[in-house]
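# Examining the three-dimensional arrangement
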Amino acid sequence: MASASSFSCPVCRKVTEPVNQSEGKESWAEQFPTNNLAVEIIQQLQKTDNSITCKPCEKKGNLNNQARFWCKLINTYFCSTCKINIHDLLHEECECQDISEVNISVILHQKASVNGCGKHEEKMEYYCEDHQILGCSKCIILDHRKCELVTSADDYRVKLRKGSKIDDLLEELRKSADVMEILIKDVGEQLQSMTMDQDTALQSLTDIRKKIDERFDVLQKDLSENIVQSFKEEKESLEISIQKCERLMFSIQNTLKSSEDAALKDDTVGTICLFQRGQAEVESCKELIQELERSSSSTSIKHEYDPDILAVETNTCLTMGKIVVNQQPRRLPSTVYSSMVPLSERHLKMTGKFTIKDASDKNDCKAFGVVFLPGGRIVVGDQGNRKMKLFTEKGDLKFELELTDASCDLCRIDDNTVTVILMTVKTICIVNVGDSTLTVSSKIQMPKLDKNCLGVAYHNNHFTVGTAKSIYSVPATGGEPKKLLTIGSKCLHLASNQKTGHVFASICTSTPDEVAVTRLSDDTKADILKVGVMKGTTGIDVDREGNVYVCGASSQNVIQISGNGRNIRELLTSSDGIKRPRAIAVWEDRIVITNEVEDQRNFVHLFQLV
């Protein structure tokens, strides 16, 4: 009611508005005229000690059942029971007045109702036949002075008595009373019949619920047995796999223990036998891994049911659903592969991606260099916004470092240091990488190089730098660049194998049979990849086993080649969603790749060798 501007009349339900809505709602009642009739009734009630009894009960012979309600419409009193069973059924829109806290006299009430004028507090002495209404002298003067048939109440009473109107009315009233009694009996019978129907329906619900429970007990038992049987079958299969692994593990452990004893005893024959047995066990281990890889599956046992069975007002059949056993091929744990399966035999699986563009960037990113460091730290060179950015594997931006020039390639010096090469100013920047910081520690300038600096790699206190026409070696302490090789196309990226000292140069060309990747070692070179499956060579990196990973922007693929170039295999193609890959970085069995194409240039994609 806080915002209401009107209310519904409790008697007739008519929407009523106060005279002045701007006043507080607590003062609305004061704006309506006083019901003098009600006031007079209350005054009369307070003068009598006579109790009031229920009229329907009186007709049934119960003369002492005190009334609690009064219906003004038919001027009849009801107890609580008769009000519900009789009055409320026949007068649904009528509001009874609760009189339980006062004593009332029908005679006094009728007297107050007939003789007192509710408007002017005067005796009603006149009757208007035109409007068929009693009124006091003021009512007649104000409201009925133009009416033709206005007479005194006494004269009209005499007129009624002379004719047959009173007798006719009394007869009609007697008939009406008889009709009401018939209706009361009929409604009572209907109520009794409905009560019996209710009891029957409730009992029927109880009976059907019992039958449903019995049926569902059977269904639940069947489904439970199905679950147990499915679990038992899968459990037996897994237990067999465990037994095979345990037997081989115990055998290998015994071999290791025996090898220590043989070494202590200097037993030549025993040592050779142990060596042969160990070889056989290693082969058995590999064969068991392959067997488990073929048969390994992820099994789920689920109970599925239609959720509409629990919804209200649905026509879903009542069932308990079904048991679904779902098997999906499952890869063995990565630690198994890292121990027994070389990186050259694994395939590449995408694990996610994250955006490298943030709110402060004015342009789209051009990630022409990337390095993957321990601890899941990823350093990106963004040429489009002249920044270096530090991210976590989850894509959280930890730090941004403003650069004075456009950058190209990045390379790793150690676990906490990277290098970025600035193209036009021909400068190598050494940057320290913390958990959430990037700090330039030193710079090496190379003003005498013939072209812009593009690729960079580090090995044995030297930097290898690639340009559009040549490849140079630059001391880590600075000094005169030394030309290592003249090339026919741009050397956009370089990578080094820290164990062997080999440096791999990516030559960006799509001309058939031209060199795409060359290997530099001291003063020698070896061409290990020519244009063919790989075109427009861009990013390059080396893993811990010496495998080389190369991106082909024009061929839209990523390949893995051995350090000598003899073994080549595609890891990613355009069918995998790879588009113009640019930079690549490898750490352990994880790989990150950036792209040049417009809809992917603001992202870094993460992969894993599995």
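Residues numbered from 1 in each chain as written. Predicted model: local features only at pLDDT ≥ 70, side-chain atom pairs only at ≥ 80, totals over all residues. Heavy atoms only, no water.

## Digging into the sheet that holds strand β23 (residues 482-486)
Note the threshold: By definition, two strands form a pair when at least two bridges between them are found by DSSP. Secondary structure elements are defined from DSSP: runs of H or I of at least 4 residues count as helices, runs of E of at least 2 residues count as strands, and each element is numbered from the N terminus. The convention used is that axes are lines fitted to C-alpha atoms, helices contributing only their stretch in contact, and that angles between N-to-C directions extend from 0 to 180 degrees.
Pairing in this open sheet of four strands is antiparallel, and the strands run β20-β21-β22-β23 from one edge to the other. The sheet is open, and its two borders are formed by β20 (455-459) and β23, each paired with just one other strand. Direction aside, neighbouring strands of the sheet carry axes that sit 20° apart on average. Where strand β22 (residues 470-475) and β23 come together, four bridges link them in antiparallel fashion. Note on β23: the bridge partner recorded for isoleucine 471 is leucine 485.

## Re the sheet that holds strand β13 (residues 377-382)
Strand order in the open sheet formed by four strands is β12-β13-β14-β15, and the pairing between neighbours is antiparallel. Of all the strands in the sheet, just β12 (367-373) and β15 (397-402) have a single pairing partner and so form its edges. The mean inter-strand angle of the sheet, taken between neighbouring strand axes irrespective of direction, is 15°. Pairing of strand β14 (residues 387-392) with β15 involves five bridges; the strand directions are antiparallel. Within β15, the residue paired with lysine 389 across the bridge is glutamate 400.

## A short note on the side chain of serine 473
Under the convention used in this document: For this analysis, residues touch if any pair of their heavy atoms sits within 4.5 Å.
Structurally, the position occupied by serine 473 is in strand β22. Residues in contact with serine 473, not counting those within four places in the same chain, are His462, Phe463, Glu480, Pro481, Lys482 and Leu484.

## Focus on the environment of threonine 424
Looking at where threonine 424 falls in the secondary structure, it is placed in the loop between β17 (417-422) and β18 (427-433). Sequence spacing of threonine 424 and proline 447 is 23 residues, and the spatial spacing of their C-alpha atoms is 9.5 Å. Setting aside its immediate chain neighbours within four residues, threonine 424 contacts Asp405 and Asn452.

## As for the pattern of salt bridges
Applied cut-off: Criterion for a salt bridge: a side-chain nitrogen of Lys or Arg within 4 Å of a carboxyl oxygen of Asp or Glu.
Scanning the entire structure with this criterion turns up 22 salt bridges. Among the salt bridges present, the one from lysine 579 reaches aspartate 599, with a minimum N-O distance of 3.3 Å. With lysine 579 in the loop between β31 (568-572) and β32 (581-587) and aspartate 599 in the loop between β33 (590-595) and β34 (603-609), this pair connects stretches of sequence that are 20 residues apart. Residue arginine 582 is joined to glutamate 596 by a salt bridge in which the shortest nitrogen-to-oxygen separation is 3.0 Å. With arginine 582 in strand β32 and glutamate 596 in the loop between β33 and β34, this residue pair connects regions lying 14 residues apart in the sequence.

## Concerning a nonpolar patch on the surface
Note the following rule: Here the term patch refers to residues with relative accessible area over 30% and no salt bridge, with like charges joined within 9 Å and nonpolar side chains (Val, Leu, Ile, Met, Phe, Trp, Tyr) within 5 Å. In this description, accessible areas are obtained by the Shrake-Rupley approach with a 1.4 Å probe, and a residue is regarded as covered only by the protein chains that are shown. The cut-offs for exposure are 20% and 50% of the maximum accessible area for each residue type, with area from a 1.4 Å probe on protein chains only; residues under the lower value are buried, those over the upper are exposed, and the others partly exposed.
Residues Leu89, Leu90, Val179, Met180, Leu183 and Ile184 make up a contiguous nonpolar surface patch of about 430 Å² in total accessible area. At the level of secondary structure, the elements contributing two or more residues to the nonpolar patch comprise α3 (80-90) and α7 (165-265). Ranked by residue count, the leading element in the nonpolar patch is α7, at four residues. Within the secondary structure layout, leucine 90 lies in helix α3. Since its relative accessible area comes to 36%, leucine 90 is described here as partly exposed.

## Side note on the confidence of the model for the chain
Inclusion rule: Every residue is assigned a pLDDT by the predictor, reflecting its confidence on a scale from 0 to 100.
Counting all residues, the mean pLDDT for the chain is 85, and 89% of those residues have values of 70 or more. Per-element mean pLDDT across the chain ranges from 46 in helix α4 (residues 106-115) up to 97 in strand β29 (residues 548-552). Residue range residues 102-114 is modelled with pLDDT below 50. Its contacts to residues more than four positions away, or to other chains, number 40 contacts.

## Comments concerning empty space enclosed by the protein
Note the cut-off: Cavity: a set of points on a 1 Å grid over the protein atoms alone where a 1.4 Å probe fits but cannot get out. Pocket: an open set with protein on both sides within 12 Å along at least five of seven lines, its lining residues, like those of a cavity, having an atom within 4 Å of a point. Grid points are joined across faces, edges and corners, and a volume is the space filled by probe spheres set on the points. In this classification, the charged set is Asp, Glu, Lys and Arg, the nonpolar set is Ala, Val, Leu, Ile, Met, Phe, Trp, Tyr, Cys and Pro, and all remaining amino acids, among them Gly, are polar.
In total, this model carries two cavities of 30 Å³ or more according to the counting rule given. A volume near 30 Å³ is recorded for the second largest cavity. Taken together, Asn85, Ile86, Leu89, Leu90, Leu183, Ile184 and Val187 make up the full set of residues lining the second largest cavity. At the level of elements, α3 and α7 are the ones that each hand at least two residues to the lining of the second largest cavity. No other element matches α3, which puts four residues into the lining of the second largest cavity. The class makeup of the residues in the lining of the second largest cavity is six nonpolar, one polar and no charged.

## Here we look at the packing of aromatic side chains
Short version of the rule: Ring pairs shown here join Phe, Tyr and Trp side chains whose ring centres sit within 6.5 Å, with only the six-membered ring taken for Trp; geometry is labelled stacked below 30 degrees between planes, edge-to-face above 60, and tilted in between. Here, over-ring charges are defined by two tests on the NZ atom of lysine or the CZ atom of arginine: distance to the ring centre within 6 Å, and angle to the ring normal within 35 degrees.
By the definition in use, this model includes four aromatic pairs. Stacked on the ring of phenylalanine 603, the Lys or Arg lysine 353 has its end atom at 4.5 Å from the ring centre. Between the NZ or CZ atom of arginine 582 and the centre of the ring of phenylalanine 368, over which it lies, the distance is 3.9 Å.

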